[in-house]
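Chains, contacts and geometry: an overview
Listed here are the chains, written in short residue letters.
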Amino acid sequence: MAKPAAKSLSFIEQLSLKPLSKDVYETLHHPSKMGNPANIAYGGYALATACKSAYLSVPSGYHLYSMLGHYLGPAYADRPLRANVRTIRQTRTFATRQVEVSQKRDDGEDRVCLVAIADFHIKEPASLLEFSKPPSMQYSHYANLPSQQEVHQKLLDDGKITQAMLDAHAKTFGLLRHLYDQRPCPETVFPQNLFGMAKDLPTTQDHLPTTSKTNADWFRCIEPLPTPIDNMANLTFLIDGAIAFLPLSFNHLWFDDIGACSSLDFALRFFKSGDEVDVEKWHLREMKSSVGSEARSYGEAWVWDENGRAVACMSQQSILRPKAGAKEKL
């Protein structure tokens, strides 16, 4: 029986899988909550489980470059995740897998919470061209930046937030501090308004339209990640975070202002092969929100290594439903 996840567990322990049969895996530990007070697990667990399970089904030398899919419902934090992998294509160059991530309901029936198509590509001997888009602006370098905890403590010391708000943030988003060293870029929104929880605080981007606002941070995993699969699963786990509620944070709104906010679909793409991705080293992540319409939003997160090479991007559409009777604000 799977055991409840503990924040003291390492990432590799939290994402440990046991094989149940050929290409069927189950997590040894329950996923943890983050960003939602209900009994709902952080979506990065389902994504990382799908990533790792698909990797375990392909021959050595194949590297994940694309994982596209849909969240079909929230994963719960009181039971393990199960991944069922199906081979769609296997050639000398490409491998394609379909992955369903599910949980057992109380009545014993399976409930699918995520479905994805994962594509793998062998490492080619050479590239015709090497280029990638840069971040939207020049961000402060991590070497000169305080940690995320220090940034939030200064908000408290300056009287901009209360201890109750800081405690609520730590309870809601504290999972990542046990896994990553994060250095928020001060030019961006989250370090100025506590991810948006301090929704009345002004930010230096208030004069910009929503589509031009950014959040950015430097991050690195603080524990050893010995294999390419561990690194790819770790980056998959992190890159899912916060995209759904960017429009709230960028518009002085928070979860008490809305009817629903959660990710609906995702497109995760890697631009470097797994043996070149090292999440123990510093990476820059930038997040932007491009569209709000039809009670949905569309946002992206891009990740670059310290040399400015694009490593991965994640795009998502999310439900962004107003409260009954609320006027449109976005």
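Fair warning: this is a prediction, and the values are worked out from it, not measured in the lab.

1. Structural notes on the environment of Y42
If you trace the backbone, Y42 turns up in the loop between β2 (24-27) and α2 (43-56). A relative accessible area of 5% places Y42 in the buried class. Along the primary structure Y42 and S32 are separated by 10 residues, whereas in three dimensions their C-alpha atoms are 6.3 Å apart. The residues contacting Y42, other than those within four sequence positions of it, are S32, K33, M34, L175, F237, L238, D240 and G241.

2. Quick word on the side chain of Q192
On the secondary structure map, Q192 appears in helix α5 (residues 190-193). With a relative accessible area of 15%, Q192 lands in the buried category. Side-chain polar atoms of Q192 contact the backbone oxygen of P186, separated by 3.3 Å. Within the structure, the side chain of Q192 is placed 2.8 Å from the backbone oxygen of T188, a separation counted as a polar contact. What Q192 contacts, discounting residues up to four positions off in sequence, is L155, P186, E187, L201, P202, T203 and T204.

3. With respect to the packing of helix α3 (residues 148-157) against helix α4 (residues 163-173)
Contact geometry of α3 with α4 gives a least axis separation of 9 Å together with a crossing angle of 160°. By the criterion of interaxial angle, the relationship of α3 to α4 is roughly antiparallel. For the pair α3 and α4, the sense of crossing is right-handed. Counting all contacts with α3, which are made through H152, Q153 and L156, the residues of α4 involved are Q163, L166 and H169. Counted by class, the contact of α3 with α4 contains two nonpolar, four polar and no charged residues.

4. Here's the deal with unusual backbone geometry
For L194, which is not glycine, the phi dihedral falls at a positive 60°. With respect to the helices, strands and loops of the structure, L194 is situated in the loop between α5 and β8 (215-221). By relative accessible area, L194 is classed as buried at 0%. Look at A295: it is not a glycine, yet its phi comes out positive at around 60°. Tracing the chain through its elements places A295 in the loop between β10 (283-293) and β11 (296-305).

5. Remarks on the nonpolar core
Within the largest apolar cluster, 81 residues are counted, with the highest numbers of intra-cluster contacts made by M67, V101, L114, F120, L235, F237 and F245. When residues of this core are assigned to their parent elements, the largest contribution, eight residues, is made by α2. Setting aside chain neighbours within four positions, we find F237 in contact with F11, Y42, G44, Y45, A48, L175, L176, L179 and Y180. Ranked by size, the runner-up nonpolar core spans 12 residues in total, among them C185, A216, A310 and C313.

About the cut-offs
- Residues take numbers from 1 onward in each chain, read along the sequence in its written order.
- A pLDDT threshold of at least 70 governs which residues receive local features in this predicted model, and a stricter bar of 80 or more applies before side-chain atom pairs are shown or counted, although totals over entire chains, interfaces and linings include all residues.
- Hydrogens and waters are ignored; side-chain quantities use all the structure's heavy atoms.
- A helix here means a DSSP run of H or I that spans at least four residues, while a strand means a run of E at least two residues long, and both kinds are numbered starting from the N terminus.
- For each residue, the accessible area found with a 1.4 Å probe, counting protein chains only, is set against the maximum for its type, and the residue is called buried under 20%, exposed over 50%, and partly exposed in between.
- Working rule for contacts: check all heavy atoms of both residues, and any pair within 4.5 Å makes them a contact.
- By the criterion applied in these results, polar contacts are pairs of N or O atoms within 3.5 Å in which, for protein atoms, one can donate a hydrogen and the other can accept it, and in which residues neighboring in sequence qualify only through two side-chain atoms.
- Every angle, taken between N-to-C directions, lies between 0 and 180 degrees, and every axis is a line fitted to C-alpha atoms, over only the stretch in contact when it is a helix.
- These descriptions rest on fixed angle ranges, namely under 35 degrees for roughly parallel, over 145 for roughly antiparallel, 65 to 115 for roughly perpendicular, and the rest for oblique.
- A clockwise turn of the near helix away from the far one marks a right-handed crossing, whereas an anticlockwise turn of less than a right angle marks a left-handed crossing.
- Asp, Glu, Lys and Arg are counted as charged, while Ala, Val, Leu, Ile, Met, Phe, Trp, Tyr, Cys and Pro are counted as nonpolar; the rest, among them Gly, fall into the polar class.
- The term nonpolar core refers to a set of buried residues drawn from Ala, Val, Leu, Ile, Met, Phe, Trp, Tyr and Cys, joined through side-chain atoms within 4.5 Å.

Everything listed here is a matter of geometry and, on its own, says nothing about what the molecule does.
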